[in-house]
Amino acid sequence: MAPRKPVKTVQKPEQKPQKKSSTAKNPGFFKNFAKNISGERILFILGLLLFFVVIYFTLAFVSYFFTGANDQSHFDLSWSELQQKRDQIQNWTSVTGALVAHTMIHKWFGISSVAILFFAAIFALRLMSKRTFSLWKSFFHAAFWLICLSVTLGFAVNPLLNDVIFFSPGGQHGEAVSDLIVSYIGYPGTILSLIGLFIVYGVIVSAQTIPFIKNLFSRKPKTTALSPVMTDVDDYDDELFEPSVAVGTEIIPEDWIVRPASNEETFTVTPKTAPDNDVEFEIQNQANSIENKPVDATNIENKNEENDDPFYNISKLGKYDPKLDLSHYVPPTLDLLKIYGTDNDTQIDMVEQNANKERIIQTLQNYGIEIKTIKATVGPTITLYEIVPKEGVRISKIRNLEYDIMLSLAATGIRIIAPIPGKGTIGIEVPNADPQIVSMHSVIASKRFQESTFELPIAFGRTITNEIFMVDLAKMPHLLVAGATGQGKSVGLNAIITSLLYKKHPSEMKFVLVDPKKVEFNIYADIEKHFLAKLPDGNDAIITDVTKVVETLNSLCMEMDDRYDLLKKAHVRNIREYNEKFFNRNLNPEKGHRFLPYIVVIVDEFGDLIMTAGKEVEMPIARIAQLARAVGIHMIIATQRPSVNIITGVIKANFPARIGFKVSSMIDSRTILDASGANQLVGRGDMLFSQGNDLIRVQCAFVDTPEVENVVHHIGNQRGYPTAFYLPEYIGKDSDSIELSNVDLSKRDPLFEEAARLIVASQQGSTSSIQRKFSIGYNRAGRIVDQLEVAGIIGPFEGSKARQVLVMDEYHLEKILKHI
């Protein structure tokens, strides 16, 4: 019989998976242990250990100053010998701390060795994800003080205290380096080098250093001496004034001015019991009066408005600088804004991100949707998950799963972008469990804002990709802001104003602030004489009364028309070209030309104004929005009621740039942005910006009331203009008209003749121009205008149009003045 074949058993195959499962337990355990101990946790542990080391050596340093003299004899021993006598060491930290302190303080860098501990502490906090100061800035400061203070103390203090104290304050390093420098450039050169080094450090660190140094060498105006204006005007060189006459900060060539025959009239400054600032403006106001001397109209006409030689005035006088009136103005500094712990980078919670990814993938798979890839972009408030579905998956199917995904993520609200324009992916925006604050400090301090060349730069905050989001208001050109109560609208307006205050000089821009609630913009009242504009007869620069709002908006329309007339005369198309010609002195101020600052009109609670004033408010706003871009007038209107009866078609058509904060319904979102999405925001500054078809999600920068107060007080405490920027006067239809029959020309104002010559020379008659030129009150300027009308020099008031000048030259004016 053939031998029986061995029977195959299944015992081995059964045992193999058992062995795999039993042996897999150990690698899984170590893998999980390594996963838990790696990454952020191990960095935190290292940071904590380093922080304890810093505390240890800090105690060693402090103890060294008290016990180092007693321990001095032991430091020359070897380490083995020192260990045997460690019981004799009096330093609080025993042998190790005493030896390190002696080495670093006495042998190396002296007292400045503390800078090493400072940087080590900052680095330890950074490892523990606690951000206090920038790491590179801390390294720069620590390195500077470590080296420079060591050299300074080694040069100046070590020789004096060598026999007094047991250690070298500058260390042996400072002493050796200072001796080397002295051997090359001597003691005077070393002193100058060290002083210069600290000055350069101050210039790099603080923006206040340069103005402080300039003030040390600037001449202060004399407040008691009686002297001619032309020899006592601020800081200009005497040579600049010899061939010309000053008109405020403008300088008019000598041959443009015709002097009176009499030399008896002089211009002096009368001392007043007032602060220095008022005296300086008394000088400027007196200088402004020189402009109102009799002007030979034919002589000016021969010069013509645009000189044949474009370099004639520049070579003689230099370019016009509107900043000279406030030449010592210092912009707000960054230390006025609060620094938050997450200013530089967005903290990423990888556990949260991975969990959300898995939940999104699982939810889509439950409904039969397979995806190729998924990636996350973490922002300060939300995270954008971009998914690429497999072929054949309809986008609408994913869009319909919005609430299912929101349920699986346990999120307060999500937003699906299907598809993301220009990317070919589908976006799912999910709120972060721990949203971070985007501080105004981080936005203003960013390189993009500091190096921006925008005319009116506005930094709103950070996008999903953590980039600074900025726009140029001059190009927008108007902005509509809407959102429910408490969702960040007021903070957004403060961020807009703060951005402009940090970037613009008071001469370059003015605000018109309309605040029906009376409490939102009240904080900016202190900068009235720097940045605010108002009606000539207005008491408060912050406009709260509805009647004043209507008058102000119509006055802005008049200002707009006046500016267009100036642009027409100058043969330019926009404010930039006009001001450029004015800078180059191609436009004659005696012909009515003037520098045109930008005007930014901010209207809060627009819905309340529409309810109370209706068309009286809407029509001038629509007119400004349609026409004012070219002349530098820009509007920002905000409302918490984005309904169609508030944001009408006329308003929407002329406000292409819009911001939507969180609203309660999709209808409100479509009213603001012409698209849904604002109803899906998370609030607290989360916003959507629209300028065309695309929506950009931004976390608005947070600027608190104390920060705004700091900025306002910084500006308000500096010297400002004598008054706010005056808009043209506006007389409504219902205003009480003045009876001209009651005007008595026998009791003419002392400035009557000078005002008449000014108006005839400039061919522009308005109360505000007289008020500005002569620095007088509105009521007095109004009486002079009434007298000029009765005398037949100017025509009657014509609403939004400027008064017509009836006298064409000075010859006919003199005839009229003789017969009055």
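Just above sits the structure.
Residues numbered from 1 in each chain as written. Predicted model: local features only at pLDDT ≥ 70, side-chain atom pairs only at ≥ 80, totals over all residues. Heavy atoms only, no water.

Peer 1: How do you make sense of the overall build of the protein chain when you look at a structure like this?
Peer 2: Assigned secondary structure in the protein chain consists of 32 helices and 17 strands. Every one of the 820 residues in the protein chain was classed for burial, and the buried ones make up 48%. Carbon and sulfur atoms provide 56% of the accessible area of the protein chain, an area that totals close to 42000 Å². (Helix = DSSP H or I, 4+ residues; strand = E, 2+ residues; numbered from the N terminus. Buried < 20%, exposed > 50% of the residue type's maximum accessible area, 1.4 Å probe, protein only. Areas by Shrake-Rupley, 256 points an atom, 1.4 Å probe, with all protein chains shown as cover.)

Peer 1: Can you help me understand the nonpolar core in this one?
Peer 2: Looking at soluble globular proteins, one finds that nonpolar side chains tend to be buried together. Residues Phe-460, Leu-479 and Phe-511 are the most contacted members of the largest nonpolar core, which totals 109 residues. Counting residues per element, this core draws most heavily on helix H22 (residues 546-570), which supplies 9 residues. Val-760, Phe-774, Ala-781 and Leu-788 belong to the second-largest nonpolar core, a separate cluster that totals 22 residues. (Core = buried A, V, L, I, M, F, W, Y, C linked by side-chain atoms within 4.5 Å.)

Peer 1: Just checking my understanding: could you explain helix H3 (residues 40-71) for this structure?
Peer 2: Because each turn of an α-helix spans 3.6 residues, side chains separated by three or four positions end up pointing in the same direction. Along H3, the largest kink reaches about 65 degrees and is centred on Phe-65. Considered for burial, the residues of H3 that qualify are Gly-47, Val-54, Phe-57, Ala-60, Phe-61, Ser-63, Tyr-64, Thr-67, Gly-68 and Asp-71. Check the buried side of H3 and you find it contacts helix H5 (94-109) and helix H6 (114-127). (Bend = angle between axes of the 7 residues up to and from the residue. Contact = heavy atoms within 4.5 Å.)

Peer 1: What exactly am I supposed to notice about the packing of H22 against helix H23 (residues 575-583) here?
Peer 2: Think of two packed helices as two axes; the pair is described by the angle between the axes and how far apart they sit. Orientation of H22 relative to H23, taken along the N-to-C sense of each, is 60 degrees, at an axis distance of 10 Å. By the angle class used here, H22 and H23 are oblique. Crossing hand, H22 versus H23: left-handed. Where H22 abuts H23, its residues Arg-563, Leu-566, Leu-567 and Ala-570 lie against Ile-575, Tyr-578 and Lys-581. Of the residues in the contact of H22 with H23, the class split is 5 nonpolar, no polar and 2 charged. (Axes fitted to C-alpha atoms, helices over the stretch in contact; angles between N-to-C directions. Parallel < 35°, antiparallel > 145°, perpendicular 65-115°, else oblique. Left-handed = near helix turned anticlockwise from the far one by under 90°. Nonpolar A, V, L, I, M, F, W, Y, C, P; charged D, E, K, R; others polar.)

Peer 1: What is the right way to look at the pattern of salt bridges in this model?
Peer 2: Pairing is possible between side chains of opposite charge, provided their charged atoms come close. The final tally for this structure, using the stated rule, is 26 salt bridges. Among the ionic pairs, Lys-517 bridges to Glu-605, the shortest N-O distance being 3.5 Å. With Lys-517 in the loop between strand S10 (509-514) and helix H21 (528-531) and Glu-605 in the loop between strand S12 (598-603) and helix H24 (606-613), this residue pair connects regions lying 88 residues apart in the sequence. Note on Lys-517: relative accessible area 37%, which makes it partly exposed. On the accessibility criterion, Glu-605 (7% relative accessible area) is buried. (Salt bridge = Lys/Arg side-chain N within 4 Å of Asp/Glu carboxyl O.)

Peer 1: Sorry if this is basic, but what is going on with the pairing of strand S14 (residues 657-661) here?
Peer 2: Two faces belong to every sheet, and in a regular strand the side chains alternate between them. In terms of residue burial, S14 counts as a mostly covered element, since 5 of its 5 residues are buried. Of the two faces of S14, both are covered, the one formed by Ala-657, Ile-659 and Phe-661 as well as the one formed by Arg-658 and Gly-660. Bridging between strand S9 (residues 479-482) and S14 involves 4 bridges; their strand directions are parallel. Pairing of Ala-482 across the sheet is with Gly-660, part of S14. Judged from the 5 bridges that link them, S14 and strand S15 (residues 686-691) form a sheet pairing that is antiparallel. Bridging from a neighbouring strand, Ile-659 pairs with Phe-689 of S15. (Pairing = 2+ DSSP bridges.)

Peer 1: How do you make sense of the sheet that holds S9 when you look at a structure like this?
Peer 2: Strand pairing in a sheet takes place through backbone hydrogen bonds and is either antiparallel or parallel in direction. The 9 strands are arranged S8-S7-S16-S15-S14-S9-S13-S12-S10 in an open sheet whose pairing can be described as mixed. Looking along the sheet, the strands with just one partner apiece sit at the ends: strand S8 (468-472) and S10. Shown here is a sheet whose adjacent strand axes are inclined to one another by a mean of 30 degrees, direction ignored. In this sheet, strand S13 (residues 633-639) lies alongside S9 in parallel orientation, the contact comprising 4 bridges. Residue pairing across strands places Leu-479 opposite Ile-636, the latter belonging to S13. Against the sheet, H24 makes contact with S10, S12 and S13, and its axis sits at roughly 90 degrees relative to S13, the strand it touches most.

Peer 1: Mind showing me how you'd approach helix H7 (residues 135-156) here?
Peer 2: Over its 22 residues, H7 extends 31 Å from the first C-alpha to the last, a length consistent with the 32 Å expected when each residue adds 1.5 Å. Residues Ser-138, Ala-142, Phe-144, Leu-146, Cys-148, Ser-150, Val-151, Thr-152, Leu-153, Gly-154 and Phe-155 constitute the buried set of H7. In this fold, the buried residues of H7 make contact with H5, H6, helix H8 (158-161) and helix H9 (171-205). (Expected span 1.5 Å × (residues − 1).)

Peer 1: When you look at the sheet that holds strand S6 (residues 426-431) in this model, what are you seeing that I'm missing?
Peer 2: The 4 strands lie next to each other as S3-S4-S6-S5, forming an open sheet whose pairing is antiparallel. Edge positions in the open sheet fall to strand S3 (371-378) and strand S5 (415-417), since each of these has one partner strand only. Between one strand axis and the next, the sheet turns by 20 degrees as a mean value, whatever way the strands run. The pairing of S3 with strand S4 (residues 382-389) spans 7 bridges and is classified as antiparallel. Residue Ile-374 lies in a different strand from S4, and its bridge partner there is Ile-387. Packing of helix H15 (residues 350-366) onto the sheet brings it into contact with S3, S4 and S6, and relative to S3 it is tilted by some 145 degrees.

Peer 1: Quick question: what am I supposed to make of the packing of aromatic side chains here?
Peer 2: In this description, a pair of aromatic rings is defined by centroid distance and the angle of the planes. The tally for this structure, following the rule as stated, stands at 22 aromatic pairs. Between the aromatic rings of Trp-108 and Phe-109, the centroid separation amounts to 6.4 Å while the plane-to-plane angle is 75 degrees, which identifies the pairing as edge-to-face. For Phe-109, a relative accessible area of 17% puts it in the buried group. Through a chain of ring-to-ring contacts, three or more aromatic side chains come together here, namely Phe-140, Phe-144, Trp-145, Phe-198 and Tyr-201. Cation over ring: Lys-503 sits above Phe-449, and NZ or CZ is 5.2 Å from the ring centre. (Phe/Tyr/Trp six-rings, centres within 6.5 Å; stacked < 30°, edge-to-face > 60°. Lys NZ or Arg CZ within 6 Å of the ring centre and 35° of its normal.)

Peer 1: Is there a simple way to explain the pairing of S13 in this structure?
Peer 2: Among the 7 residues that make up S13, 7 are buried, leaving the element largely enclosed by the rest of the structure. Of the two faces of S13, the one holding Ile-633, Met-635, Ile-637 and Thr-639 and the one holding His-634, Ile-636 and Ala-638 are both buried throughout. Here S12 runs beside S13; their pairing, made up of 5 bridges, is parallel. Bridge pairing links Val-603 to Ile-637 in S13.

Peer 1: Could you clarify how one ought to interpret unusual backbone geometry in this entry?
Peer 2: Among all residues except glycine, the phi angle is most often negative; among peptide bonds, the trans geometry is most common. Look at the link from Ala-418 to Pro-419: it is a cis peptide, with omega at -10 degrees. Residue placement: Pro-419 occurs in the loop between S5 and S6. A cis amide bond, omega -5 degrees, links Met-476 with the succeeding residue Pro-477. Considering the arrangement of structural elements, one finds Pro-477 in the loop between S8 and S9. Of note in this structure, Asp-674 is not a glycine but carries a positive phi near 60 degrees. Relative accessible area serves as the criterion here: at 48%, Asp-674 is assigned to the partly exposed category.

Peer 1: Before we go on, may I ask you to explain a nonpolar patch on the surface in this structure?
Peer 2: Where nonpolar side chains cluster on the molecular surface, the patch consists of Phe-44, Leu-48, Phe-52, Ile-55, Leu-59, Val-62, Phe-65, Phe-66, Trp-92, Ile-111 and Val-114 and spans about 1000 Å² of accessible area. The element contributing the most residues to the nonpolar patch is H3, with 8 residues. By the secondary structure assignment, Val-114 is in helix H6. Residue classification places Val-114 among the partly exposed positions, given a relative accessible area of 43%. (Patch = residues over 30% accessible without salt bridge, like charges linked within 9 Å, V, L, I, M, F, W, Y side chains within 5 Å.)

Peer 1: Can you walk me through the side chain of Thr-498 in this structure?
Peer 2: Mapped onto the fold, Thr-498 is located in helix H20 (residues 489-503). Reaching out from Thr-498, the side chain makes a polar contact with the backbone oxygen of Asn-494 at a distance of 2.6 Å. In contact with Thr-498, not counting residues within four places along its chain, are Met-440, Val-703 and Val-708. (Polar contact = N/O pair within 3.5 Å; in protein donor to acceptor, adjacent residues only side chain to side chain.)

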